[in-house]
Amino acid sequence: MVLLSRKATFNSHGQDSSYFLGLQEYEKNPYHQLHNPQGIIQMGLAENQLSFDLLESWLAKNPDAVGCKRDGKSIFRELALFQDYHGLPEFKKALVDFMAEIRGNKVTFDPNHVVLTAGATSANETLMFCLAEQRDAFLLPTPYYPGFDRDLKWRTGVEIVPIHCTSSNRFQITASAIEEAYQRARKQNLRVKGILITNPSNPLGTTMTRAELDLLINFITDKEIHLISDEIYSGTVFSSPGFVSIMEVLKERNLEKTEVWDRVHIVYGLSKDLGLPGFRVGAIYSNDPTVVSAATKMSSFGLVSSQTQYLLSVMLSDKKFRNYYTAKNLKRLQKRQRKMVSGLEKAGIGCLDSNAGLFCWVDMRHLLSSNTFEAEMELWERIVCDVKLNISPGSSCHCSEPGWFRVCFANMSEDTLKLAMQRLKSFVNSTTSSKNKSHRDLKSLTKESHIEKWISRLSFLSFHDREQDER
Ligand SMILES: Cc1ncc(COP(=O)(O)O)c(C=O)c1O
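All values reported here derive from a predicted model rather than from experimental measurement. (Residues numbered from 1 in each chain as written. Predicted model: local features only at pLDDT ≥ 70, side-chain atom pairs only at ≥ 80, totals over all residues. Heavy atoms only, no water.)

### A short note on the nonpolar core
The line we're drawing: Throughout this description, the term nonpolar core refers to a set of buried Ala, Val, Leu, Ile, Met, Phe, Trp, Tyr and Cys residues connected via side-chain atoms within 4.5 Å. For each residue, the accessible area found with a 1.4 Å probe, counting protein chains only, is set against the maximum for its type, and the residue is called buried under 20%, exposed over 50%, and partly exposed in between. Segmentation of the chain into domains, including their bounds, is taken from an automatic or database domain assignment. Should any heavy atoms of two residues lie within 4.5 Å, those residues are considered in contact.
Core analysis: the largest hydrophobic core is formed by 75 residues, its most contacted members being Leu139, Ile195 and Leu270. Both domain 1 (6–52 + 331–470) and domain 2 (64–321) contribute no fewer than three residues apiece to this core. If near-sequence neighbours (up to four positions away) are discounted, Leu139 is found in contact with Val161, Ile163, Ile178, Ala181, Tyr182, Ala185, Val192, Gly194, Ile195, Leu196 and Phe219. Leu131, Val158, Phe405 and Leu417 belong to the second largest nonpolar core, which has 69 residues in total.

This is the structure we're talking about:
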């Protein structure tokens, strides 16, 4: 007897993609400075662990927010019962103020247009449910966040049709690429309901240009379709050019209160900008009241706990703290990104110029044995299994060119990043020197024990360095 439903076993979840396989591989042998210095370093998780101390010191100074107290009095019972799917008004107010601030207060947001969801994952899926039927399609520029296959397609039956972007123009969206994707969808008998973008982009770590945003608005106006802008990294833009929200462009073009205004929806969340993915806080912001109403009903499947809403409403209402946090967090991220870029440079590896996000889009095309996705997987396997770094291959992000990898930099200590870059450098050196010596291709290089040796040597060196730094 078949125990599971067809839906539960349907493979559009993408569980067997290299993105998820890499995460599983890491779980089997995670790196630890002392207990497992030869383990795999996790560089496949877009987490921000650089500013926990700031949040922790705020929490220490504000015990009432954690202890479910308001003005010194317990509101435990009130919070324990609260499950209104409209959310806590004070939290929604604090959240929209924070969102506006991130956008330099060039736009404001109405808390009544917000639907709270358990993370941005739930926000994206809810929007798919509300806007598209099974076998309708959304167009997504590539490369895109690997989780979207699960989030947008799995339970909704919606199809993703890629808009192929290439390195020739820094993976920017072009009119011809959108039109080509639209026509391809039509040929597959799919009705295109909209476009979904991530701005800033995961995995590129770049913000979209005004020209791209204009192009998107023109396209959705012309085709009468929706635009979802996942802006989960909007407060994680650490250098110029700054972030321009789609709302800002609509406003500038005087498109408020037009049909197209109602067809643009924003996804946001606190998993990245506040580094709180475990708190599961996401939001949909829509200009269309019917979408807000439908999504609010859907949100019963993934509410944000009232305790979390309360804590964060107090934290985000503290304007002084939120400004301090954002400024400091961005400085740290920028410094960290520079460290990674220079570490990669030392290893002879380049990456796309980026100004946002928790990762770099790294160009390893020169390390491929051939210009194919098979060669990309071969290289990826060696990086995960031999070099012991879990990074995400471009193919898991549906990139149309082999040889690109997403490498995260904010989920580890500086020492660990240093070690990761040393491992990579030695790998590149050994690969190139072996290549030069014997003119063999990458495939024929098998030197498991040799790699083990240099990983342990690097771990030792890194400890040695740190000891010296600390002295
Ligand atoms: C672009 C994008 N959207 C949504 C998500 C999911 O976020 P959450 O943890 O809030 O569900 C992620 C997480 O990496 C992401 O990168």
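### Quick word on the site of the ligand
Convention followed: Throughout this document, a residue counts as near a molecule or strand when at least one of its heavy atoms sits within 4 Å of that molecule or strand. N or O atoms within 3.5 Å of each other form a polar contact, as long as, within protein, one can give a hydrogen and the other can take it, and as long as residues adjacent in sequence are counted only when both atoms are side-chain atoms. The Shrake-Rupley method, run with a 1.4 Å probe sphere, supplies the accessible areas, and residue values consider only the shown protein chains as cover. Secondary structure is summarised from DSSP: a helix means a run of H or I of at least four residues, a strand means a run of E of at least two, and numbering begins at the N terminus for each. Polar here means any residue outside two lists: the nonpolar Ala, Val, Leu, Ile, Met, Phe, Trp, Tyr, Cys and Pro, and the charged Asp, Glu, Lys and Arg; Gly therefore counts as polar.
Taken together, 13 residues form the shell around the ligand, and within it Thr121, Asn202, Asp230, Ser271 and Lys272 come nearest. Between the ligand and Thr121 there is a distance of 2.5 Å, counted from an oxygen atom to a side-chain nitrogen or oxygen. At 2.8 Å from an oxygen atom of the ligand is found a side-chain nitrogen or oxygen belonging to Arg280. Within the complex, the protein chains bury 94% of what would otherwise be the 400 Å² of accessible surface of the ligand. Ranked by the residues each element gives to the shell around the ligand, the list is headed by helix α7 (residues 119–131), at four residues. Considered class by class, the residues forming the shell around the ligand number four nonpolar, six polar and three charged.

### Remarks on the sheet that holds strand β11 (residues 350–351)
Strand pairing within a sheet occurs via backbone hydrogen bonds; the two strands may be parallel or antiparallel. Note the cut-off: Here a strand pair is declared whenever DSSP counts at least two bridges between the two strands. Every axis corresponds to a line fitted to the C-alpha atoms, with the helix fit spanning only the stretch in contact, and the corresponding angles, defined between N-to-C directions, vary from 0 to 180 degrees.
The four strands are arranged β11-β12-β15-β14 in an open sheet whose pairing can be described as antiparallel. The open sheet terminates on both sides in strands that have one partner only, identified here as β11 and β14 (392–393). By the bridge criterion, five bridges tie strand β12 (residues 359–363) to strand β15 (residues 404–408) in an arrangement that is antiparallel. Counterpart to Cys360 in the pairing with β15 is Val407. The strands touched by helix α15 (residues 319–346) within the sheet are β11, β12 and β15, with β12 carrying the most contacts at an inclination of about 15°.

### Digging into the sheet that holds strand β5 (residues 136–141)
Across the sheet, seven strands lie side by side as β4-β10-β9-β8-β7-β5-β6; this open sheet has mixed pairing. Looking at strand neighbours, the two that pair on one side only are β4 (114–117) and β6 (159–163), the edges of this open sheet. Across the sheet, the mean angle from the axis of one strand to that of its neighbour is 25°, orientation sign disregarded. Here five bridges tie β5 to β6, and the two strands are oriented parallel to one another. Note on β6: the bridge partner recorded for Ala137 is Glu159. Packing against the sheet, helix α10 (residues 210–223) makes contact with β5, β7 (191–198), β8 (226–230) and β9 (264–269), and its axis sits at approximately 165° to β7.

### As for the packing of helix α6 (residues 89–102) against α15
We apply this condition: Convention used here: angles under 35 degrees read as roughly parallel, angles over 145 as roughly antiparallel, angles from 65 to 115 as roughly perpendicular, and any remaining angle as oblique. Put simply, a crossing is left-handed when the front helix is turned counterclockwise from the back one by less than a right angle, and right-handed when it is turned clockwise.
Relative orientation of the contacting elements α6 and α15 amounts to 40°, with a least axis distance of 12 Å. Classified by the angle between their axes, α6 and α15 sit oblique to one another. Viewed along their axes, α6 and α15 form a crossing whose handedness is right-handed. Contacts between α6 and α15 pair Asp97, Phe98 and Glu101 from the former with Lys319, Arg322, Asn323 and Thr326 from the latter. Broken down by class, the residue content of the contact of α6 with α15 amounts to one nonpolar, two polar and four charged.

### Some thoughts on the domain arrangement of the chain
The condition that has to hold: Once two parts are put together, the accessible area they lose, assessed with a 1.4 Å probe and summed over both, is termed the buried area. Each salt bridge in this description consists of a side-chain nitrogen of Lys or Arg and a carboxyl oxygen of Asp or Glu lying within 4 Å of one another.
Here the domain parsing of the chain yields domain 1 (6–52 + 331–470) and domain 2 (64–321). Relative placement of domain 1 and domain 2: their C-alpha centres are 29 Å apart. Between domain 1 and domain 2, the contact holds 33 residues from the first and 33 residues from the second. Surface buried jointly by domain 1 and domain 2 totals about 3,000 Å² across both partners, of which 60% is contributed by carbon and sulfur atoms. For the pair domain 1 and domain 2, the number of links is zero salt bridges. Broken down by secondary-structure element, the contributors of at least two residues to the side of domain 1 that touches domain 2 are α1 (6–9), α2 (18–28), α15, β12 and β15.

### Structural notes on the UniProt feature "domain: Aminotransferase class I/classII large" (unreviewed entry) in the chain
Rule in force here: UniProt positions are given in the numbering used here, feature names are shortened, and annotations may be inferred rather than shown by experiment.
Taking the numbering used here, the UniProt-annotated feature "domain: Aminotransferase class I/classII large" (unreviewed entry) corresponds to residues 41–424. For the annotated span residues 41–424, helix accounts for 43% and strand for 16% of the residues, and the straight-line distance between the end C-alpha atoms is 11 Å.

### Side note on the confidence of the model for the chain
Using the following cut-off: A residue's pLDDT is simply how confident the predictor is in it, with values from 0 to 100.
Per-residue confidence for the chain gives a mean pLDDT of 91; residues scoring 70 or more make up 91%. Predicted confidence is poor over residues 439–471, with pLDDT under 50, and the contacts of this stretch with residues over four places away or in other chains come to 50 contacts.

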